[in-house]
Amino acid sequence: MSAIQRYRDWFEQERDSNQKMLSMIRSVPVSARSDARFSQALQLAGHLAACRENWLDRMLGDGTNQGDWWPESVDIESLPGRFEVLEEAWSIYLKDLADDRLDMDFEFPVQGGAYRWNIEGQIMQMVGHGFYHRGQIALLVQQLGGEPVDTDYLYWAFQQQPDRWKRLP
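Throughout what follows, the structure given in this document is the object of discussion. On a predicted model such as this, the values are computed, not experimentally measured, just so you know.

1. Section: the nonpolar core
- With 40 residues, the main nonpolar core has Met21, Ile25, Met59, Trp90 and Ile123 as its most contacted residues.
- Every element with two or more residues in this core is listed here: α1 (3-26), α2 (36-60), α3 (79-96), β1 (105-110) and α4 (119-143).
- Here this core takes eleven residues from α2, the largest share from any one element.
- The residues touching Met21, leaving out its near neighbours within four places in the chain, are Ala45, Leu48, Phe83, Arg134 and Ile137.

Written as structure tokens, this is what we have:
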């Protein structure tokens with residue numbers, strides 16, 4: 001399997017995990033949604049969306065179309081559509097990306113300066129970043145009486161190739 005195909009597969013797992021994350025957030029009882037931890041869970045989900053949106057802007061463009069990285073107020077109803085749009089954009093980006101472009105650098109502005117990073121490094125950062133924040137969201141959801149869902153890669157992979165995963169005698 002090529003490196004880019006591996007990243008495409010990981011992104012499909014991320015899409016599945018994002019849907020599970022949104023279900024977790026919606027599972028929080030209405031009576032617990034005034035708790036600050038619910039706002040924190042929404043903010044983390046909004047942050048995950050912003051990261052995907054902002055980094056794609058940096059990787060494809062000049063990085064000047066940046067949204068709020070840490071939105072203070074996130075409407076639960078806005079998240080599904082937002083994730084749908086950004087996931088489609090990323091699917092198109094990854095579909096057109098070739099292995100020989102993974103080591104390509106891109107430059108982006110940050111607070112009056114400029115930085116350079118490579119495509120593959122940023123893709124790897126976002127994979128780990130998503131796992132990290134979805135884990136935080138799962139803990140908050142559990143504390144609020146909602147239903148956490150396991151978003152580990154292993155369980156997603158089992159579903160993709162059920163015949164491959166067998167208990168050995």
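2. Notes on the packing of aromatic side chains
- Using the criterion set out here, one finds ten aromatic pairs in the structure.
- With a centroid separation of 6.1 Å and 25 degrees between ring planes, the pair formed by Phe108 and Tyr115 is classed as stacked.
- We classify Phe108 as buried; its relative accessible area is 7%.
- Looking at Tyr115, the relative accessible area reads 49%, which means it is partly exposed.
- Feature note: the residues Trp55, Trp69, Phe106, Phe108 and Tyr115 constitute an aromatic cluster, connected by ring pairs.
- Sitting over the ring of Trp90, Arg52 keeps its end group 4.4 Å from the ring centre.
- One Lys or Arg, Arg58, reaches over the ring of Trp55 and ends 4.5 Å from the middle of that ring.

Thresholds, definitions, all that
- Residues numbered from 1 in each chain as written.
- Predicted model: local features only at pLDDT ≥ 70, side-chain atom pairs only at ≥ 80, totals over all residues.
- Heavy atoms only, no water.
- Core = buried A, V, L, I, M, F, W, Y, C linked by side-chain atoms within 4.5 Å.
- Buried < 20%, exposed > 50% of the residue type's maximum accessible area, 1.4 Å probe, protein only.
- Helix = DSSP H or I, 4+ residues; strand = E, 2+ residues; numbered from the N terminus.
- Contact = heavy atoms within 4.5 Å.
- Phe/Tyr/Trp six-rings, centres within 6.5 Å; stacked < 30°, edge-to-face > 60°.
- Lys NZ or Arg CZ within 6 Å of the ring centre and 35° of its normal.

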